[in-house]
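# Structural overview
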Amino acid sequence: MCGIVGIIGRQPVSYRLVDALKRLEYRGYDSAGVATITGGALQRRRAEGKLVNLETRLKEEPLSGTIGIGHTRWATHGAPTERNAHPHFTDGVAVVHNGIIENFAELKDELAAAGAEFQTDTDTEVIGYLLAKHRREGMNRREAMHAMLKRLRGAYALAILFVDDPSTIMTARNGPPLAIGHGDGEMFLGSDAIALAPFTNEITYLADGDWAVVGRTGAQIFDFDAHPVERPRQTSIAVAYLANKGNHRHFMEKEIYEQPEVTAHALGHYIDFTQNRVDTVSGIDFARIPSLAIAACGTAYLAGLIGKYWFERYARLPVEIDVASEFRYREIPLSPRSAALFISQSGETADTLASLRYCKGLGLKTGAVVNVGDSTIAREADAVFPILAGPEIGVASTKAFTCQLAVLAALAVGAARARGTLSEDEVQALVKSLAEMPRLMGQVLNSIQAEIELLARELSKSHDVLYLGRGTSFPLAMEGALKLKEISYIHAEGYAAGELKHGPIALIDENTPVIVIAPHDRFFDKTVSNMQEVAARGGRIILITDEQGAAASKLDASHTIVLPAVDEIIAPMIFSLPIQLLAYNTAVFMGTDVDQPRNLAKSVTVE
Ligand code: M6R
């Protein structure tokens, strides 16, 4: 994880480096640093914590120099201290690194035996020592770079300055993305195109295994064997993604309230509302595949789990799903005639990408359900299913989740149509329900805020919270728990309502709120029975249901949030809204850093 940038500019670069890093802060915010070459020497400023601390540092001690590199860190090896903050300096070499050098311990032992004195606890420092060693052996900078890369195992995106070459940045990529930006007499590099968007929209992406020598007027790119290669130069639309909070307190709040609009865009991409028809989806032949595999992480995985219910129920298509970090190692017997979907907001999640490559290796057709259109997962999949949520800045995923659901619902209905498992009337009825969803979302968002604030005040006093649901409300219960814990730091778990009596019921007491997600669907009566079990043990129930459910439930929940009655296929999207707002408002009461919660990062590019 971590974000890296580099600039070869015509003016001093330190403030522009920090500006670019701000757009990469979603990748990590444990510490940050910049280095430049000035007066024939490497200079750096580093600070623990968020970029604002580095900015303060730079105000106190400005840094000149027209060439520089920068880093924002999500700590993997070594505590998030200033000492471990990048850039790391070794004998005239400065290095910033995103990724993990898996064989760092072995390299460190070897280098230490030869006299290296390591200053940090990071895996990154071996890179500088390897380069310095190769230079001492008589190699020039390029030879040293190539020799160093051959020694590394693991994932990396690198930017490197050599003090004896103040007009060049060396860069390399193996795993995490790396974009080179072409300016007017200036060159840039960064972990993504958005970091570079204010400077240039002319971008060249390095392929895996590539490394490059970036000078003031262009870049020479080499493959892993040091053969010169050409990579296409493309015009990026990243500038459109430069986002601000508008009138909202946090990006997360803004993104929650954007959902009626963005889910409408997402659905509109797959559904012809004038004809009430799902457009034929190209890329995966749902009519012919015997089964579907899905891999994803975190919230995207939970969206996939809801998708599984839809593909199986409507399209009669068996779905094998797992979190990507397990999926790729399980050696699942997958048929090459099957297809696999990889769901990822960022399109860069390392485990999801590895699962995609694993399935491609087995010969499956692959589809990427992604938000970032030029991400690695999007580029490597056979078919791309964009979710069109727009930039999601808050670390807690909200609008990407409901857009992922909207796209999966459309794909499942499209698959049902292609496989002939639903009649045309049934397809039309589902499409009609999906068409109503954005309006209903708006209605819900406008009606529940005050009630949620009161509940959130109460919830913020809890130590543990349970979420229960059945059917598609079960993954939603897990999503509710994930949302609450990641931004409020309150311990929360989501369970299948029917599993309660197999263990979790032992946790029930008057201090543990139990949030029950129960639209009045096929499972409602069963879920109400599970609620009874909670009530009988003094549990405090917050019921989220619809008008019919509220009328049918004879149970005294301590609070009932009543949503409009909706078709089963859109219930997960509609019921997401109180779940998200509850987590958001609880975190606001608790005063946590909602958009950048502790220990997390938006894009997880390490395994
Ligand atoms: O970018 P991705 O969708 O692949 O990210 C997957 C997870 O890291 C992500 O959903 C994470 O769980 C969110 N912080 C949850 O809100």
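It should be emphasised that the depicted structure is a prediction, and the values quoted were computed from it without experimental measurement. (Residues numbered from 1 in each chain as written. Predicted model: local features only at pLDDT ≥ 70, side-chain atom pairs only at ≥ 80, totals over all residues. Heavy atoms only, no water.)

## Thoughts on the nonpolar core
If you look at the biggest cluster of nonpolar residues, it comprises 94 residues, and the most contacted ones within it are L292, W310, F311, L341 and I574. Considering each element in turn, this core owes the most residues, 14 residues, to helix α13 (residues 399–419). Excluding its chain neighbours within four sequence positions, the residues that come into contact with L341 are I284, L292, A293, I294, A295, F311, G367, V369, F385, L408 and L411. Counting residues in hydrophobic clusters, the runner-up holds 26 residues, among them V95, M145, V213 and F222. (Core = buried A, V, L, I, M, F, W, Y, C linked by side-chain atoms within 4.5 Å. Buried < 20%, exposed > 50% of the residue type's maximum accessible area, 1.4 Å probe, protein only. Helix = DSSP H or I, 4+ residues; strand = E, 2+ residues; numbered from the N terminus. Contact = heavy atoms within 4.5 Å.)

## A short note on helix α16 (residues 473–488)
An ideal rise of 1.5 Å per residue puts 22 Å on 16 residues; α16 measures up with 22 Å between its terminal C-alpha atoms. Among the 16 residues of α16, 12 are classified as buried, and the element is accordingly described as predominantly covered. Three or more residues of α16 are buried, namely S473, P475, L476, A477, E479, G480, A481, K483, L484, E486, I487 and S488. A positive backbone phi angle near 65° is found at Y489, which sits one or two residues after α16. (Expected span 1.5 Å × (residues − 1).)

## A closer look at the UniProt feature "domain: Glutamine amidotransferase type-2" (unreviewed entry) in the protein
The UniProt entry lists residues 2–217 under the feature "domain: Glutamine amidotransferase type-2" (unreviewed entry), expressed in the numbering used here. The span residues 2–217 is 26% helical and 33% strand by assignment, and the distance between its end C-alpha atoms comes to 27 Å. (UniProt positions renumbered as here; feature names shortened; annotations may be inferred.)

## Comments concerning the UniProt feature "active site" (unreviewed entry) in the protein
In the UniProt entry, the feature "active site" (unreviewed entry) is given for C2 and K602. Look at the named residues: they lie 601 residues apart in sequence, but the longest C-alpha span between them is just 10.0 Å, so in the fold they bunch up. Within the element layout of this structure, C2 appears in the segment before β1 (3–8). A relative accessible area of 6% means that C2 is categorised as buried. Residues in contact with C2, not counting those within four places in the same chain, are R27, H71, T72, R73, W74, H97, N98 and S191. The residue K602 is located in the segment after α19 (571–590) in this model. The residues contacting K602, other than those within four sequence positions of it, are Y26, Q345, E392, I393, G394, V395, A396 and S397.

## Quick word on the sheet that holds strand β27 (residues 559–563)
Spatially, the five strands line up as an open sheet ordered β24-β23-β25-β26-β27, and their pairing is parallel. Bordering the open sheet on either side are β24 (491–496) and β27, each of which pairs with just one other strand. Ignoring which end each strand starts from, the neighbouring axes of this sheet average 15° apart. Bridge count between strand β23 (residues 464–469) and β24: six bridges; the pairing is parallel. Each bridged residue has a counterpart across the sheet, and for L466 the counterpart in β24 is E493. Contacts from helix α15 (residues 449–459) reach β23, β25 (513–517), β26 (540–546) and β27 within the one sheet, and its direction differs from that of β27 by about 145°. Sheet strands in contact with helix α17 (residues 524–536) are β23, β25 and β26, and its direction is about 165° off that of β26. (Pairing = 2+ DSSP bridges. Axes fitted to C-alpha atoms, helices over the stretch in contact; angles between N-to-C directions.)

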